[in-house]
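If you want the building blocks of each chain, they are given just below.
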Amino acid sequence: MKVKALDHIAITVSDTQRALEFYVGKLGLKQVEQHQLEGEKSDMAGGLQGSRAQSTRLAADDTPGILIDLLEFFTTHGDKHVTPLGSVGSCHFALTVEDLPATVDVLRKSGVEFISGPVNFELTEGSVSVCFCYDPDGNLVELMEEYEH
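This section reports on the structure supplied with the text.

Rules used in this analysis
- Residues numbered from 1 in each chain as written.
- Predicted model: local features only at pLDDT ≥ 70, side-chain atom pairs only at ≥ 80, totals over all residues.
- Heavy atoms only, no water.
- Core = buried A, V, L, I, M, F, W, Y, C linked by side-chain atoms within 4.5 Å.
- Buried < 20%, exposed > 50% of the residue type's maximum accessible area, 1.4 Å probe, protein only.
- Helix = DSSP H or I, 4+ residues; strand = E, 2+ residues; numbered from the N terminus.
- Contact = heavy atoms within 4.5 Å.
- 1 Å grid on protein atoms, 1.4 Å probe; cavity = no way out; pocket = protein on both sides within 12 Å on 5 of 7 lines; lining within 4 Å.
- Points joined across faces, edges and corners; volume = space filled by probe spheres on them.
- Nonpolar A, V, L, I, M, F, W, Y, C, P; charged D, E, K, R; others polar.
- Phe/Tyr/Trp six-rings, centres within 6.5 Å; stacked < 30°, edge-to-face > 60°.

## Details of the nonpolar core
Ranked by internal contacts, the top residues of the largest apolar core, which has 22 residues, are Y23, I68, L70, F114, V141 and L143. Looking at this core, the element that brings in the most residues is helix α1 (residues 16-26), giving four residues. Apart from residues no more than four positions distant in its own chain, V141 is found in contact with F22, Y23, L27, F93, L95, C131, F132, C133 and D135.

This is the structure:
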């Protein structure tokens with residue numbers, strides 16, 4: 001078996017509109033689709049009985065084929081739990097931005113919480129500056145800017 005491509009990343013959110021204000025309004029992603037997930041096929045695929053959810057799909061301009069799904073479940077499936085970075089079960093995804101320090105400054109002024117400011121890492125082929133912030137539900141988002149040598 002061989003994986004052919006990355007299609008999407010899904011993030012469970014508590015409020016789609018609030019998540020859109022962050023991902024579209026602050027980060028500049030574009031909403032490309034929205035659909036309901038419910039019924040027998042949805043229950044079978046997700047292993048949840050009586051599940052009802054909404055999927056809102058987002059894309060970045062330079063990678064329109066890789067989507068971010070914001071999933072809001074309208075039925076309860078357990079307590080809210082966010083796993084801290086570095087813990088088994090935690091996850092994050094990275095978004096490339098232009099001018100990371102300026103992006104961080106604008107986002108901080110708009111109320112986005114960051115773990116740290118940009119940190120630079122030297123790589124074999126250039127370097128990268130990264131930092132982590134939280135979305136409105138506490139999900140981790142890595143912002144990064146790449147530099148060539």
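## Points about the layout of surface pockets
The volume enclosed by the second largest pocket comes to roughly 540 Å³. Counting residues per element, the ones that place at least two in the lining of the second largest pocket are β3 (52-60), β4 (63-73), β5 (92-96) and α3 (100-109). Considering only residue class, the lining of the second largest pocket consists of 14 nonpolar, four polar and four charged.

## As for the packing of aromatic side chains
Evaluation of the coordinates by the stated rule reveals two aromatic pairs. By the ring-pair criterion, three or more aromatic residues cluster together here, those being F22, Y23 and F93.

Coordinates in, geometry out; function isn't part of it.
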